[in-house]
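# Structural features, examined
Below, each chain spelled out in residue letters.
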Amino acid sequence: MVVAAMTALLSYFNIYLRGDTSELIGDLFSQCDVSSASSLGTSDQRFDHSVLTVICSNSHLNQVAISLLLAALARMFLCLFTFGLPVPSGLFVPGLAIGACVGRAVGTWMYMIHSLYSDSSYFSECNPESPCITPGVYALIGAAALLSGLTRMTLALTVIMFELSGNVTYILPIMLAVMVSKWVADAFGRQSMYDAIIAMRGYPYLDNRTEHKRFQANAADVMSTDLTVLPAIGNSVGSLQTFLNRCPLSGFPIVSDRTDCFLVGYIARSELRYAVDRAIQ
C-alpha cells in the first residue's frame, strides 16, 4: 500500500506517468504527422490520444523534452522499489517506457536543433520531401538500448523491436544501439538485472556464463600427501582382502608402484570386493 500510494503521488503530476504504460510506449513511438504515422507501425487513430496530443500540440519543445526526462527519472526511481517485491510485476515494459522517454526527449531536442540550423551542412543529406528528424524513431532506439542494458538481450530484442516498428528501415540503428548498450553494461558487470536479483535472493541457480576466479595453485599443492593407492603388481588375494578390511573408501587409484605413483587406472570398492570373493571361491 505504501509503494502504491507513493507511485500514485509521483505519477499524478506528470502526464507521461498517469496512463497505461503500454499506451504511453505506443504514443512515444508515434509521429506527430498524421500522414506519416504509419511509418512506425502505428495507426492514425492514435493521433487523438491525450499524451500524443500533448507532445505534438505543445509549441514549447524544450518543456516537452524536460517533462519526458523527469518522467523517465521518476519511473526509474519507482522501479527501484517495485522490481523485486513479492507482487506480480516486471521490468520489461517499464524498461521500454524509460528508454522511450529518454529517446523521445533526445529526438525532440534534435528536432529543435534541425529547426534552428536546417541550413547546416550536418543536415545536408535530409530529404526535403520527408521529415528529417522523427522523434518517434529516437524513442524506439532508446527503448531498445535501455532494455538491452537491463536484460543483456541482443538478437531477440532486435526482433522484438522490429515487430513493434514493422519497418525494416530501422533494423540497423536498433542493432547498433543494442550492441553498444550491451558493451557499456558489460563493462560494469556481466549479470543482467534478472541474474542480479537471483543472486541477491540466493536462489539455487547455476549459470554457465558466470565467471569464476582462476586458481593459480596446482592440485599437488593443495591435496594430501597421504594417499591410499593400490599397486598394479605384487598383490595377493590375502593382501587385497586385508586392504579392503582396513580401508573404508569407495574406490582406489591403481598405480604402477608406491614409489613414483604413476596412475594406470581406477577400481571401485565393489568391483574389487567382487573379484576377491570370486578368487576365494
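Above: the structure in question.
Below is a summary of the structure that appears in this document. As the structure is a prediction and not an experimental result, all values here were calculated from the model.

All chains considered together, the criterion is met by three aromatic pairs. Pairing Y12 with F13 gives two aromatic rings, centres 5.5 Å apart and planes at 85 degrees, and the pair type is edge-to-face. Residue Y12 shares its accessibility class with F13, and that shared class is exposed. Between the NZ or CZ atom of R18 and the centre of the ring of Y12, over which it lies, the distance is 5.4 Å.

This next bit is on unusual backbone geometry. If a residue is not glycine, its phi is most likely negative; likewise, a peptide bond is most likely trans. Even without being glycine, R152 reaches a positive phi, approximately 60 degrees. For R152, the position within the fold is in the loop between α7 (135–151) and α8 (155–165). The exposure class assigned to R152 is buried, which follows from its relative accessible area of 14%.

A few words now on the nonpolar core. Of all hydrophobic cores here, the largest spans 35 residues; its most connected members are Y16, L28, F29, L68, C101, M161 and I174. Counting only elements with at least two residues in this core, the list comes to α2 (15–18), α3 (21–29), α4 (50–57), α5 (61–82), α6 (92–116), α7, α8 and α9 (171–188). In this structure C101 touches L24, L28, L68, A71 and A72, once residues within four positions along its chain are discounted. Ranked by size, the runner-up nonpolar core spans ten residues in total, among them L230, F243, C247 and L272.

Evaluation of the coordinates by the stated rule reveals two salt bridges. In this structure, the salt-bridge partner of D186 is R152, at a minimum N-O distance of 2.9 Å. Of this pair, D186 sits in helix α9 while R152 sits in the loop between α7 and α8, and the two are 34 residues apart along the sequence. Each member of the pair D186 and R152 is classed as buried. Residues K182 and D186 are paired through a salt bridge, measuring 2.7 Å at the closest nitrogen-oxygen approach. Remark: D186 and K182 occur in helix α9; sequence separation between them is four residues, near one turn of the helix. For the residue pair K182 and D186, the accessibility class agrees, reading buried in each case.

So, how was this worked out
Residues numbered from 1 in each chain as written. Predicted model: local features only at pLDDT ≥ 70, side-chain atom pairs only at ≥ 80, totals over all residues. Heavy atoms only, no water. Phe/Tyr/Trp six-rings, centres within 6.5 Å; stacked < 30°, edge-to-face > 60°. Buried < 20%, exposed > 50% of the residue type's maximum accessible area, 1.4 Å probe, protein only. Lys NZ or Arg CZ within 6 Å of the ring centre and 35° of its normal. Helix = DSSP H or I, 4+ residues; strand = E, 2+ residues; numbered from the N terminus. Core = buried A, V, L, I, M, F, W, Y, C linked by side-chain atoms within 4.5 Å. Contact = heavy atoms within 4.5 Å. Salt bridge = Lys/Arg side-chain N within 4 Å of Asp/Glu carboxyl O.

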